[in-house]
Amino acid sequence: MGVIELEEIDTGLIGTVGGKAAGLGEMIAAGERVPPGFCLTAEAHVSGTVPEGELAAAYERLGGGPVAVRSSATAEDLPGSSFAGQLDTLLDVRGTEELVEAVRRCWASLDSDRAVAYREAAGADRADTHMAVVVQRMVEAGVAGVLFTADPLTGSRSRAVVDAAPGPGPAVVDGGVVPDHHVLVDGEPAAAVEGGCLAADQLEELRAAGRRLAEHFGSPQDVEWAYDADGVLWLLQSRPITTLFPTPPDAGVPGQRLYLEVGHMQGMLRPFTPMGMDRMTHLWVRWCSSHGIDAGPREGASILTPVGGRLYLDLTDFMRSAPVRARLPRAMEVYGPRVRRAVEYLLDDARFSPSPGLPFAPGPALRFAARLLPTAVARVAATIARPARARAGADRALEEFRSQPRPGPETTAAERLAFVSEDAYAPVLGAPMMAVAWPTFAGILLGLLPSALLDGVATDEELDAVLGGMPHNVTTEMDLALWRVAENADAHRALFLETDPAELADMYRQGALPDIGLADFLAVYGHRAAAEVDIGMPRWAEDPSPLLSAIANYLRVEDPEQAPDRRFARAAVRARRTISELSLRGRARRPVRGRIASFAMRRSRELTGARELAKFSWLIPFAEMRRQLLLIGADLVRRGLLERADDVMFLTMDEVRAAVHDGADHRSPVAGRRAVHDREVRRPHVPVLLLSDGTDVETILPRPEAEEGALPGMPAAAGRATGRARVVRDPSGARVEPGEILVAPTTDPGWTPLFMTAAGLVAETGSPVAHGPTVAREYGIPAVVCVRDAMRQIRTGQVVTVDGTAGTVTVESAESGAPEGSAAAEPVADGAAGESGTRG
């Protein structure tokens, strides 16, 4: 099958004709006006020979004359990869000889530098990608251009965008001209640009065509079009807009809705696996139900809504509530200045005009408060009064989490399923969780109280110093324990520095790795990982390679004074010294408040570290649930219902139940979900605030003026550090040299081992009260979070200054040329971060 006419093609042939040709065939079948033509299939490309006879005959049937010759790769114009502009198109090709040469040029473009780079970024495999070629009769265009049926910059599905210019379309798509730009808003008539090349009726015709194509293909489309000399509209191509973030599910109620992405508060910017989302939302519903709170649908909307694998909070009712909305911007400060500014902006939007009433039913809320508040006040007060006793109780509760009965080796898949569905939640929803929660609540309260009592007396930097070197923090203790493991590894430096972490992990599993205490470490902390709130993510006990990479980082610390344990100890000394200074100053200026603040600061040294304990605890049964799910997955593999044991993480619990009890085969949906998940993992930007029509709210805000060269963010840990940037997208296997500035999309406790060699932290998302900045403050390294596009604007090797007090990141120089893995420059200033709380 060398040549196929376009009208004979549908999406079922995509593997033979490529994405572009399949789309054209679908458009013809839908009744759209498409230039006639044919497709030379990918089979010819695989063979490496152009079938010149077949090609000439098809060209003659088309009528000869000028044709357009366009690449149609089998990985092109797909939902996850458009390959826009990466492959060749040749216009006004005439004669068989030119046509054959044009085909060869299209084939060659598959291996051009730009196509190779695009394929690598998109995760497409060259071995699975072949080239078909589309040949169509040329349209002598009077006007041509591009139609996006959704706004590609804001994501809004309520706006279409048309760019147009006189002459053939490539002038627009190649960026060779400044086109007429039109934005078509739903419900508003199209308006022509004065002196432009399109009339209003043509814009309406394009809008109607775009709507038909979006409906036919089931997603927003990127459409190339041309009007010929007679004013007839021809559609030249339609492909998915691959960069759009998914829209929230239909809430079933009229009006625009606003959603806040909340996963980044837990360092979870990557998408949840389907099972991870299923279990997280299930835990939320179970917790709410156990406290008499209705967490189910509210008038068709759910307060927690999965979008694109991320977890969003529906803020709509809060935005529209007259008694609440004015307080909402301040409440959003914890999510960063960008979120607060966006909420303030939308409060003036008529779509969120106020209405009377609260965003929740007051009766259940009052009953919940009446039931919980007296106990909470009493327990928090008792915890503050006797912190050692409260910590001892929390330690006993932690042992209950660890000693929870679990299924044995002879347990059936059905019994394991029952454990994961019900029994595993017992400590999370019962007394053990509350026993670790009270020190957590008390610690958070004590950590926040001094800033309110010493307003105008203490600086932010001093208040941060008070939290440095905090004892009783399980995450800090974990990192210091890993440092001790690294000290044991020093006797085998060459092995750990020169061997790939994945290979070292294999050696550990086979018992061939020297005993450095890693097994003891994993016995305590093996239930943790990066993105650990997703049950679908491997734990360190399964894959210790991220830890082995961190150990290699620690072995590169040459200055003994920069050893994490010494930095931590210096931070603790400085904290105690600062508490003494602030106590004297506070009592002198505000005697009553000063005494209360002094007590709170001293008592915080005994309790604030416990703020990490609650999450640490509930992750223990989560890790066991994951282990049991993998065993269920292995059973389903043996039954031929899954390909791999970890495919179970791409199912929901109901689907696992159907497989275990009814033999449902889920191999096909798993493959599709893995592809979608992999695509979402590579997504470079996730909207923090999202409207129900897909608008990324930050894209419609007026741009704030920033100091030249400075990237604005949110202060998260005071101090100042200058060093070379190390941009890290995934902590697994990452390397941060001593003195480098870690630049990350987000952080959670799985990232914190990298902090121990970093001089500073920059994160695109987060909050000062999130886990990463909390640990950064304890190590005395400055941190700035909520730095928009930091991963794009900063490159590894650039010298940057992090000002954790001002909340800015300044790029001091262009990229120095330091490659990944090269030694980094030492920080510009002298002095240890853990001692002074600053660098510089």
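From a predicted model like this one, the values you see are computed outputs, not experimental measurements.

Novice: Sorry if this is basic, but what is going on with the overall build of the protein here?
Specialist: On a plain count of helices and strands, the protein comes out with 30 helices and 22 strands. Residue burial in the protein is summarised as follows: out of 840 residues, 55% are buried. Of the contacts made within the protein by residues no fewer than 6 positions apart, 70% connect residues no fewer than 24 positions apart. Summing over all exposed atoms, the protein offers an accessible surface of approximately 34700 Å²; the carbon and sulfur share of this is 54%.

Novice: Just to check I follow, could you spell out unusual backbone geometry for this structure?
Specialist: Peptide bonds are mostly trans, and most non-glycine residues show a negative phi. Although it is not a glycine, Ala 531 sits at a positive phi angle of roughly 55°. With respect to the element layout, Ala 531 can be found in the loop between helix H21 (518-525) and helix H22 (545-555).

Novice: Honestly, the packing of aromatic side chains in this entry has me stumped. Any pointers?
Specialist: Ring pairs (aromatic) are described by centroid distance and by the angle formed between their planes. Considering all chains together, one arrives at 7 aromatic pairs under this definition. For the pair Trp 225 and Tyr 227, a centre-to-centre distance of 5.8 Å together with 70° between the ring planes defines the contact as edge-to-face. Accessibility expressed as a relative area gives 2% for Tyr 227, which makes it buried. For the pair Trp 618 and Phe 622, a centre-to-centre distance of 5.1 Å together with 80° between the ring planes defines the contact as edge-to-face. Of this pair, Trp 618 and Phe 622 both sit in helix H25 (residues 613-638), 4 residues apart, which is roughly one turn of the helix. Summarising the burial analysis for this pair, Trp 618 and Phe 622 share the class buried. Within the aromatic cluster, the residues linked to one another by ring pairs are Phe 521, Tyr 525 and Phe 616.

Novice: Which parts of the structure should I look at to understand the nonpolar core?
Specialist: In globular proteins that are soluble, nonpolar side chains generally tend to be buried together. Of all hydrophobic cores here, the largest spans 121 residues; its most connected members are Phe 521 and Ile 551. Broken down by element, this core gets its largest block of residues, 12 residues, from H25. Residues within four places of Ile 551 in sequence aside, it is in contact with Leu 482, Val 485, Ala 486, Ala 489, Phe 496 and Ile 516. If you look at the next biggest cluster of nonpolar residues, it comprises 30 residues, including Leu 6, Ala 160, Ala 190 and Leu 198.

Novice: Can you walk me through the sheet that holds strand S17 (residues 720-727) in this structure?
Specialist: Backbone hydrogen bonds hold the strands of a sheet together, and the pairing may be parallel or antiparallel. The strand order S15-S22-S21-S17-S18-S19-S20-S16 describes an open sheet built from 8 strands, whose pairing is mixed. Looking at the sheet topology across the chains shown, the edges are occupied by strand S15 (710-712) and strand S16 (714-717). Here the average twist between neighbouring strands, direction ignored, is 30°. Relative to strand S22 (residues 808-811), S15 runs antiparallel, the two being bridged by 3 bridges. From the neighbouring strand, Ala 710 faces S22, where its bridge partner is Thr 810.

Novice: Looking at this structure, how should I read the environment of Pro 168?
Specialist: Checked against the element boundaries, Pro 168 lands in the loop between strand S7 (159-166) and helix H6 (170-173). Sequence separation of Pro 168 and Tyr 227 is 59 residues, and the distance between their C-alpha atoms is 9.3 Å.

Novice: What's the story with the packing of helix H18 (residues 474-489) against H21 in this structure? I'm lost.
Specialist: In a pair of packed helices, the angle between the axes and the distance between the axes together describe the arrangement. Relative to each other, H18 and H21 sit at 170°, their axes nearing to 10 Å. Looking at the two axes, H18 sits roughly antiparallel to H21. Where H18 abuts H21, its residues Val 474, Glu 477, Met 478, Ala 481, Leu 482 and Val 485 lie against Leu 518, Phe 521 and Tyr 525. A per-class count over the contact of H18 with H21 returns 8 nonpolar, no polar and 1 charged.

Novice: I would appreciate a short explanation of the side chain of Asn 553 in the present structure.
Specialist: When you line up the elements, Asn 553 lands in helix H22. Note on Asn 553: relative accessible area 2%, which makes it buried. A distance of 3.4 Å separates the side chain of Asn 553 from the backbone oxygen of Ala 734, its partner in a polar contact. Here Asn 553 is in contact with Ala 734, Arg 735, Val 736, Leu 754 and Thr 757, once residues within four sequence places are set aside.

What counts, and at which threshold
- Each chain has its residues counted from 1, following the order in which its sequence is written.
- Whole-chain, interface and lining totals are the exception, using all residues; otherwise, since this is a predicted model, local features are given only for residues with pLDDT of at least 70 and side-chain atom pairs are given and counted only at 80 or more.
- Side-chain measures here rest on the full set of heavy atoms in the structure, leaving out hydrogens and waters.
- Numbering of helices and strands starts at the N terminus; helices are DSSP runs of H or I of at least 4 residues and strands are runs of E of at least 2.
- Each residue is placed in one exposure class: buried if its accessible area under a 1.4 Å probe, protein chains only, is under 20% of its type's maximum, exposed if it is over 50%, and partly exposed if it falls in between.
- Any two residues whose heavy atoms approach within 4.5 Å are treated as being in contact.
- Accessible areas in this description were obtained via Shrake-Rupley with a 1.4 Å probe; residue shielding takes into account the shown protein chains only.
- Pairing of aromatic rings covers Phe, Tyr and the six-membered ring of Trp, with a centre-to-centre limit of 6.5 Å; geometry is then stacked below 30 degrees between planes, edge-to-face above 60, and tilted otherwise.
- Within this scheme, the nonpolar core is defined by two criteria: the residues are buried Ala, Val, Leu, Ile, Met, Phe, Trp, Tyr or Cys, and they are joined through side-chain atoms within 4.5 Å.
- Only strands that DSSP links by at least two bridges are regarded as paired with each other.
- Between N-to-C directions, angles cover 0 to 180 degrees, with each direction set by a line fitted to C-alpha atoms, over the stretch in contact for helices.
- Orientation labels follow simple angle bins: below 35 degrees gives roughly parallel, above 145 gives roughly antiparallel, 65 to 115 gives roughly perpendicular, and whatever is left gives oblique.
- Under the convention adopted here, Pro, Cys and the residues Ala, Val, Leu, Ile, Met, Phe, Trp and Tyr are nonpolar, Asp, Glu, Lys and Arg are charged, and Gly plus all remaining residues are polar.
- A 3.5 Å cut-off defines polar contacts: any pair of N or O atoms within that distance qualifies, except that in protein one atom must be a possible hydrogen donor and the other a possible acceptor, and neighbouring residues in sequence count only when both atoms are side-chain atoms.

None of this, on its own, says anything about what the molecule does.
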